[in-house]
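Below, each chain spelled out in residue letters.
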Amino acid sequence: MHTPTRFYPILAATAFVCCIMSGTAIADVMKIMLSGDAEVPPVATMASGSGSITVNPDMTVSGGITTTGLMATAAHIHVGKAGANGPVAVGLVKQGDNAWRVPDGAKLDAAQFAAYKEGALYVNVHTAANKGGEIRGQLMPMMAGK
């Protein structure tokens, strides 16, 4: 079958767009559930939390969490694999009694982003009774460990 030459520019443009789009990195939007069982060491608590965190290809971070059953003193995104504790990567900002959000302009550094890609970031909510954290949830990107 012969394609009329007037369609060549359209076919070329379509192929170009497809090539560009296939190489486009997409942000990871992760739903997260926080519990005392995920803490290190585990914490017996009725508190819980949930939310959504987005990590973009340019290493910027956004999103937030909502908690129930506790009086939080702080919340952070930390570096650390499941079963291990680690340093703070991003401090979350309190948005009310039970809500925390990633501050505008938050960005991971190269080492933190590499840890994220390996599934080694977690969200931790601290209380006066549990200064090391009362509830925790691991951030698991779609391609963790690959």
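Look up a bit, the structure's there.
What comes next concerns the included structure. (Residues numbered from 1 in each chain as written. Predicted model: local features only at pLDDT ≥ 70, side-chain atom pairs only at ≥ 80, totals over all residues. Heavy atoms only, no water.)

What the four strands build is an open sheet, ordered 5-4-8-9; its pairing is antiparallel. The open sheet is flanked by strand 5 (88–91) and strand 9 (135–139), the only strands paired with a single partner. The sheet shows a mean angle of 25 degrees between the axes of neighbouring strands, taken without regard to direction. Pairing analysis gives three bridges linking strand 4 (residues 72–79) to strand 5, with the strands arranged antiparallel. When the sheet's bridge partners are listed, Ile77 is paired in strand 5 with Val90. (Pairing = 2+ DSSP bridges. Helix = DSSP H or I, 4+ residues; strand = E, 2+ residues; numbered from the N terminus. Axes fitted to C-alpha atoms, helices over the stretch in contact; angles between N-to-C directions.)

Let us now look at unusual backbone geometry. Peptide bonds are trans in most cases, and residues, glycine excluded, mostly fall at negative phi. The omega torsion of the bond from Val40 to Pro41 falls at -5 degrees, within 30 degrees of zero and hence cis. The topology assignment puts Pro41 in the loop between strand 1 (28–34) and strand 2 (48–55).

Right, let's talk about the environment of Pro103 for a bit. With respect to the element layout, Pro103 can be found in the loop between strand 7 (99–101) and helix 2 (110–117). Separated by 39 residues in sequence, Pro103 and Gly64 have C-alpha atoms that sit 9.1 Å apart. Once you skip the residues sitting within four places of it in the chain, Pro103 turns out to touch Val61, Val90, Gly91, Leu92 and Val93. (Contact = heavy atoms within 4.5 Å.)

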